[in-house]
Amino acid sequence: MSTRYEEPNRAARAGNTVIRWLAESGISIAGTRALRVRGRKSGQPRAVVINLLTIDGVDYLVSPRGNTQWARNIRAAGEVEIGPRWRRQRAQVAEVENAAKPELLKCYLDRWYWQVKGHVAGLTPESTDQEFAAAAPSIPVFALASR
């Protein structure tokens, strides 16, 4: 498990709040989804906006900033709620092994590099397989059970 965590600055937190509100209202911006997970310390629901990566019918959550609070909460809870307020669906999650991450990270960056380029362990869509493999342990990825 990685300890890398690139905490968002005030402007990023404010922007994420607006995008999360839109996602919770059912408005997706470039694939965003509202995610709720039980806090590992408080037990209270925590909300965040994520980019939902779907490959071959499987949904994945990627934490490009590293071992974020929501990634830690997912590990502790083992399940999430995803979707807008009126249609949230529960899903079980399992962390993806490091060996399987490079291909997923490449697909994630192909789609959202413009959005996460400063927070993804120095990777780009053109990074080599070796660079993806080296960065994989510092980027949590979770697979959602079929919903």
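Refer to the structure printed above.
What comes next is a walk through the structure. Source: prediction; values computed, not measured. (Residues numbered from 1 in each chain as written. Predicted model: local features only at pLDDT ≥ 70, side-chain atom pairs only at ≥ 80, totals over all residues. Heavy atoms only, no water.)

A few words on the overall build of the chain. Regarding its fold elements, the chain presents four helices and six strands. When the helices and strands of the chain are placed in sequence order, the string is α-β-β-β-α-β-β-α-α-β. A total of 147 residues make up the chain; the buried ones form 44% of that total. Considering only contacts in the chain between residues 6 or more positions apart, those separated by 24 or more positions represent 64%. About 8,000 Å² of surface is accessible on the chain, with carbon and sulfur atoms providing 50% of the total. (Helix = DSSP H or I, 4+ residues; strand = E, 2+ residues; numbered from the N terminus. Buried < 20%, exposed > 50% of the residue type's maximum accessible area, 1.4 Å probe, protein only. Contact = heavy atoms within 4.5 Å. Areas by Shrake-Rupley, 256 points an atom, 1.4 Å probe, with all protein chains shown as cover.)

This next bit is on the sheet that holds strand β5 (residues 89-95). Strand order in the closed barrel formed by six strands is β1-β2-β3-β6-β5-β4, with antiparallel pairing between adjacent strands. Across the sheet, the mean angle separating the axes of adjacent strands is 45° when strand polarity is ignored. With four bridges connecting them, strand β2 (residues 45-55) and strand β3 (residues 58-62) associate as antiparallel partners. Note on β3: the bridge partner recorded for L52 is L61. Across the sheet, helix α3 (residues 101-116) is in contact with β2, β3 and β6 (141-144); its angle to β2 comes to roughly 105°. (Pairing = 2+ DSSP bridges. Axes fitted to C-alpha atoms, helices over the stretch in contact; angles between N-to-C directions.)

Now for the environment of A91. Among the secondary structure elements, A91 is positioned in strand β5. Here the alpha-carbon distance between A91 and A145, two residues 54 residues apart in the chain, equals 5.8 Å.

What follows is about unusual backbone geometry. One non-glycine residue, D56, adopts positive backbone phi at about 50°. D56 sits in the exposed class, given a relative accessible area of 76%.

What follows concerns the pairing of β5. Inspection of the sheet shows strand β4 (residues 79-82) paired to β5 by four bridges, in the antiparallel sense. Each bridged residue has a counterpart across the sheet, and for I82 the counterpart in β5 is Q89. From the end of β4 to the start of β5, which pair antiparallel, there are six residues, and G83 there has a positive phi angle of about 120°.

Mapped onto the fold, N67 is located in the loop between β3 and α2 (69-77). According to the relative accessible area criterion, N67 is buried, its value standing at 6%. Sequence separation of N67 and I139 is 72 residues, and the distance between their C-alpha atoms is 7.0 Å. Here R75 takes part through its side chain, which lies 2.5 Å from a polar atom of the side chain of N67. (Polar contact = N/O pair within 3.5 Å; in protein donor to acceptor, adjacent residues only side chain to side chain.)

On to α3. Helix length check: α3 (16 residues) gives 17 Å between terminal C-alpha atoms against 22 Å at 1.5 Å per residue, more than 12% under. At D110, α3 shows its largest bend, some 65°. The complete set of buried residues in α3 reads K101, P102, L104, L105, Y108, L109, W112 and V116. At its buried positions, α3 is contacted by β2, β3, α4 (129-135) and β6. (Expected span 1.5 Å × (residues − 1). Bend = angle between axes of the 7 residues up to and from the residue.)

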